[in-house]
Each structure stands twice: as C-alpha cells, then as structure tokens.
Amino acid sequence: MTTILDLPLWAAIPVCLLLLAGALFSFVGALGLLRLPSFYERIHAPTLATSGGVVLISLASMLTFLVLQSRFILHEVLIILFVVLTTPVSLTLLSQAALYRDRAEGSTEVPRKADTAEANVDIDPEATV
C-alpha cells in the first residue's frame, strides 16, 4: 500500500501549491459571504471563489492518486464537472428568486422591470428579435 509519504518531490510541490491555492480560494469565498453587505453581492463570493477552490483541490487529488496509484481517477473529474455545471445554475436561480421577492415586496434597492429597458438607451423595448 502506498502512502502520501511515497509521493515524489516533483509531484508533492505542485500538489501542495494546488491545495494551498484551493484553500485560499475557498477561504476568500467564505470571507466574502460573511463580509459583503447585500445578498446580491454575497451570492457571488461563495459560488465563484469556492467553486474555484473545489476545482484546485480536486486537481491536487487527481495528481496525487495519478502518481501514487498510476491510474486515472474519475471521481475528481465528476466532482469538477458537477460543480462547474451546477454552480451557475444555482446562482441564477437564487438571484432570480431573490429579485422576484424584492420586486414583489416593493424594495427600492432593485430596479423595476420597466426601468431596466429604459436605463439603457441602446435597447429598444419595442424591437422583436
């Protein structure tokens, strides 16, 4: 049985760098969740930074097991694929639900539907695509 101590130095350095970078990305995402003031700003930090951290940590795991066991690891590829595909969808659904709720409550912090087309003079609200 091979252990992490059997990992050669040429592979250990990139694995450590990938792990540290992934941990830093995840920490920045968690910090953004705590520090940013509004929901619309807070939703971007964990979805973007933390998914980058997951990708980096999964790459470190792939490299480790590729070197130690000399085989391709499919689990990490599926994790990366799942995170990359589901993060934008969940971000969009959460932000649209919050926008709908804020508009229904009459919040002045979000634009009304009519204001979005009028704010940009290049958009013709009467034009059909």
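Scroll up to find the structure this text is about.
The following refers to the structure shown. Position numbers for residues start from 1 in each chain and track the written sequence from start to end. Totals for whole chains, interfaces and linings use all residues, but because this is a predicted model, local features are given only for residues with pLDDT of at least 70 and pairs of side-chain atoms are given and counted only at 80 or more. Here the side-chain values reflect all heavy atoms present in the structure, with hydrogen atoms and water set aside.

1. Some remarks on the side chain of T64
Move 1: By definition, any uninterrupted DSSP run of H or I lasting at least four residues is a helix, any uninterrupted run of E lasting at least two residues is a strand, and each is numbered from the N terminus. Mapped onto the elements, T64 comes out in helix α3 (residues 44–69).
Move 2: With a 1.4 Å probe rolled over the protein chains alone, any residue whose accessible area is under 20% of its type maximum counts as buried; one over 50% counts as exposed, and the rest are partly exposed. Its relative accessible area of 7% is what places T64 among the buried residues.
Move 3: Discounting residues that sit within four places of it in the chain, T64 has contacts with I4, L7 and V15. By definition, residues are in contact when any of their heavy atoms lie within 4.5 Å.

2. Re the packing of α3 against helix α4 (residues 74–105)
Move 1: Contact geometry of α3 with α4 gives a least axis separation of 9 Å together with a crossing angle of 175°. In this view, α3 runs roughly antiparallel relative to α4, as classed from their interaxial angle. Facing α3, whose interface residues are H44, T47, S51, V54, V55, S58, L59, S61, M62 and F65, α4 presents E76, V77, I79, I80, V83, V84, T87 and L91.
Move 2: Across the contact of α3 with α4, the residue classes break down as 11 nonpolar, six polar and one charged. Think of each axis as a best-fit line through the C-alpha atoms, taken over the contacting stretch in the case of a helix, with angles from 0 to 180 degrees between the N-to-C directions. Note on angle classes: values under 35 degrees are labelled roughly parallel, values over 145 roughly antiparallel, values of 65 to 115 roughly perpendicular, and the remainder oblique. Basically, the charged four are Asp, Glu, Lys and Arg, the nonpolar ten are Ala, Val, Leu, Ile, Met, Phe, Trp, Tyr, Cys and Pro, and anything else, Gly included, counts as polar.

3. Some details on the pattern of salt bridges
Move 1: Counted as salt bridges are all cases of a side-chain nitrogen of Lys or Arg within 4 Å of a carboxyl oxygen of Asp or Glu. Under the counting rule described, the total for this entry stands at one salt bridge.
Move 2: The partner of R101 in a salt bridge is D102, and the shortest N-O contact between them spans 3.1 Å.

4. As for the environment of V54
Move 1: Tracing the sequence through the fold places V54 in helix α3.
Move 2: Given the relative accessible area of 26%, V54 is considered partly exposed.
Move 3: Here the alpha-carbon distance between V54 and I80, two residues 26 residues apart in the chain, equals 7.3 Å.
Move 4: With sequence-adjacent residues up to four places away left out, V54 is seen in contact with I79 and V83.

Honestly, that's just the spatial picture; any functional story needs more than this.
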